[in-house]
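Now for the letters of each chain:
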Amino acid sequence: MRIPKAAGIAVQSRPLPDGEPLPRVAVISGAVSGGGAENHFARLAEGFFKASPHRSIVSLRHTSIQEQARDGRVVSLGFRSARDYPAAIGALRALIRETRADVVYSLSRCPNVVNIAAAHSLGARPMIALGINENLEASVKWNGSPSLRFWRAAERLLYRHADLILTNSPDSASALVREFGCTAGHVCLVRNPIPLAALSSRAQELRLQGSPLAEPYLLGSGRFVEGKGFDLLLDLYAALRPRTKPLRLVMLGDGPLAPALRQRAKALGIAADVVFPGWCDDPLPWLACAEAFVTPSFHEGLPNTVLESMATRVAVVSFLSSGWIERFAAAGAVAAAPVGDLDALRAALEEVLGDESQRTAMVDAAEREVRQFEAAQVIREREHLVLEAWRKFRLR
């Protein structure tokens, strides 16, 4: 799917308007440490409506959010997991009343559902804005666990009541209108905020300090859950190992499939060469020194790990799991293969590892492509989209 030129992507970075009253904004996530979506939220929280004197940053879970977002009012509602989120609806409703929020902007599936359920039931309700960081078009077809199916059903029922939806996935933008019944004019395509200069500088320092492993390695990273393809990554590595230079595989992350993945590595006879460091809040030391970042996920929105690899000049090999990956592949910025075609993915990885000139050309192209995701510019774009929607909301 093509990346539209309108709906957020063409919005220029510019200061917030002088003299115009800014809305009271509450920004909500499940947590603010650990995963790609949480890191995305932390970057937004650092700068989103920073000029507003009335900004609340809310974490549904108990987190160290104070370390992630230094400005604005920080509130942790203290819930332990998504199972507690139904109880969070009342707590968030009370917080909205207390802060008199004009706009409630949430990020990711469960907080989005809690946001709508809490805000929509208020008499004089705030504007409801949602952030979606996943490929909904693919994931609505994914069966998953009973818990996942519950949240998917809630999304289908509630997302149409949002006043603004900001998604980083062109596939999701289409699915929201076609499958979820959302108003087309309420859906905008946006980018993820990436602190490019800081990432690049720190990656260079980490390389000078030395690799976490004595041997060169490939890196896969994320939550060990259905649809992320980590079982295929093990299969790919087992097939690749006899055909290329000595490499280890680092599987950075954790999740319910971790025991099964370790068992699969043993069954494939590669356990001695696969490293499972566990969950890592700061994956950059592993990423900066990797030979390549490999992501065999079946469906994605716009994964931060791919953008961070591009920003730090680490070659990316991926399935064509989203419209953005298709765009990057067309620009020569990533090596890609059709979703599920493991032989094609292995061939792409072999080519990247075996041809230094191609790899250099690819990371050069990636560095050019990723410039559009500079955090300050992206945050300003989102602010203006929210302000534009808020002006229309106030006139209703």
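In this report, the structure presented in the accompanying data block is examined. (Residues numbered from 1 in each chain as written. Predicted model: local features only at pLDDT ≥ 70, side-chain atom pairs only at ≥ 80, totals over all residues. Heavy atoms only, no water.)

Section: the overall build of the chain
Each helix and strand in the chain was counted, giving 16 helices and 13 strands. Residue pairs in contact within the chain that sit at least 24 positions apart in sequence constitute 71% of those at least 6 positions apart. Accessible surface computed for the chain: about 16,600 Å², of which carbon and sulfur atoms make up 51%. (Helix = DSSP H or I, 4+ residues; strand = E, 2+ residues; numbered from the N terminus. Contact = heavy atoms within 4.5 Å. Areas by Shrake-Rupley, 256 points an atom, 1.4 Å probe, with all protein chains shown as cover.)

Points about the pattern of salt bridges
What the rule picks out here adds up to 21 salt bridges. In this structure, Lys228 engages Glu300 in a salt bridge whose closest nitrogen and oxygen atoms are separated by 2.8 Å. With a gap of 72 residues between them, Lys228 in the loop between strand E8 (217-223) and helix H9 (230-240) and Glu300 in the loop between strand E11 (292-295) and helix H12 (304-311) connect regions that are remote in the sequence. The class of Lys228 is partly exposed, set by a relative accessible area of 26%. (Salt bridge = Lys/Arg side-chain N within 4 Å of Asp/Glu carboxyl O. Buried < 20%, exposed > 50% of the residue type's maximum accessible area, 1.4 Å probe, protein only.)

Some details on the side chain of Ser321
Summarising the element assignment, Ser321 is placed in the loop between strand E12 (316-319) and helix H13 (323-330). You can call Ser321 buried: its relative accessible area is 4%. If near-sequence neighbours (up to four positions away) are discounted, Ser321 is found in contact with Asn135, Ser297, Phe298, His299, Glu300 and Val339.

Structural notes on the packing of H9 against helix H10 (residues 258-267)
Running from N to C, H9 and H10 point in directions that differ by 15 degrees, and their axes come no closer than 10 Å. On the basis of their axis angle, the class for H9 and H10 is roughly parallel. The handedness of the crossing between H9 and H10 is right-handed. Facing Phe230, Asp231, Leu234 and Asp235 of H9, the residues of H10 in contact are Leu261, Arg264 and Ala265. (Axes fitted to C-alpha atoms, helices over the stretch in contact; angles between N-to-C directions. Parallel < 35°, antiparallel > 145°, perpendicular 65-115°, else oblique. Left-handed = near helix turned anticlockwise from the far one by under 90°.)

Digging into H12
Counted residue by residue, H12 has seven buried out of eight residues, so it is predominantly covered. Taken as a whole, H12 has its buried residues at Asn304, Val306, Leu307, Glu308, Ser309, Met310 and Ala311. Following H12 by one or two positions, Arg313 adopts a phi angle in the positive range, close to 60 degrees.

Digging into the pairing of strand E1 (residues 25-29)
Within a regular strand, side chains alternate between the sheet's two faces. Counting buried residues along E1, five of its five residues qualify, which places the element largely inside the surrounding structure. What you see with E1 is no split at all: Val25, Val27 and Ser29 on one side and Ala26 and Ile28 on the other are buried throughout. In the sheet, E1 pairs with strand E2 (residues 55-61) via five bridges, with the strands oriented parallel. Among the inter-strand pairings, Val25 is bridged to a residue of E2, identified as Arg55. Inspection of the sheet shows E1 paired to strand E4 (residues 103-107) by four bridges, in the parallel sense. Looking at the pairing, Ala26 lines up with Val104 of E4. (Pairing = 2+ DSSP bridges.)

Brief notes about the nonpolar core
Core analysis: the biggest nonpolar cluster contains 36 residues, and Ile96, Tyr159, Ile165 and Leu176 have the highest contact counts within it. Taken together, the elements giving at least two residues each to this core come down to E1, E2, strand E3 (73-79), helix H3 (85-99), helix H4 (109-119), strand E5 (127-132), helix H6 (146-158) and helix H7 (170-178). If one sorts the elements of this core by residue count, H4 sits on top with six residues. Leu176 has contacts with Ile132, Leu136, Tyr159, Ile165, Thr167, Gly181, Cys182 and Val187, leaving out every residue within four places of it along the chain. Of all hydrophobic cores here, the second largest spans 35 residues; its members include Ala203, Leu219, Ala333 and Val370. (Core = buried A, V, L, I, M, F, W, Y, C linked by side-chain atoms within 4.5 Å.)

A closer look at the packing of aromatic side chains
The description of an aromatic ring pair rests on the distance of the ring centres and on the angle between the ring planes. Here the structure, examined in full by the defined rule, presents nine aromatic pairs. Consider the rings of Phe48 and Tyr105, whose centres lie 5.2 Å apart with planes at 50 degrees: the pair is tilted. Taken together, the residues Phe48 in the loop between helix H1 (36-47) and E2 and Tyr105 in strand E4 connect sequence positions 57 residues apart. The same class applies to Phe48 and to Tyr105, which are both buried. Ring pairing ties together the aromatic residues Phe48, Phe49 and Tyr105, which thus form one cluster. Above the plane of the ring of Phe180 lies Arg156, whose end atom (NZ or CZ) is 5.3 Å from the centre. (Phe/Tyr/Trp six-rings, centres within 6.5 Å; stacked < 30°, edge-to-face > 60°. Lys NZ or Arg CZ within 6 Å of the ring centre and 35° of its normal.)

Notes on H10
Every buried residue belonging to H10 is among Ala258, Leu261 and Ala265, and all of these are buried. The arc that holds every buried residue of H10, seen down its axis, measures 60 degrees, which confines them to one face. With respect to the buried face of H10, the exposed residues turned more than 90 degrees away are Pro259, Lys266 and Ala267. The elements touched by buried residues of H10 are H9, strand E9 (248-254) and strand E10 (274-278). Directly after H10, the chain includes Gly269, whose backbone phi takes a positive value near 75 degrees. (Arc of directions from axis to C-beta.)

These values are about where atoms sit, not about what they do.
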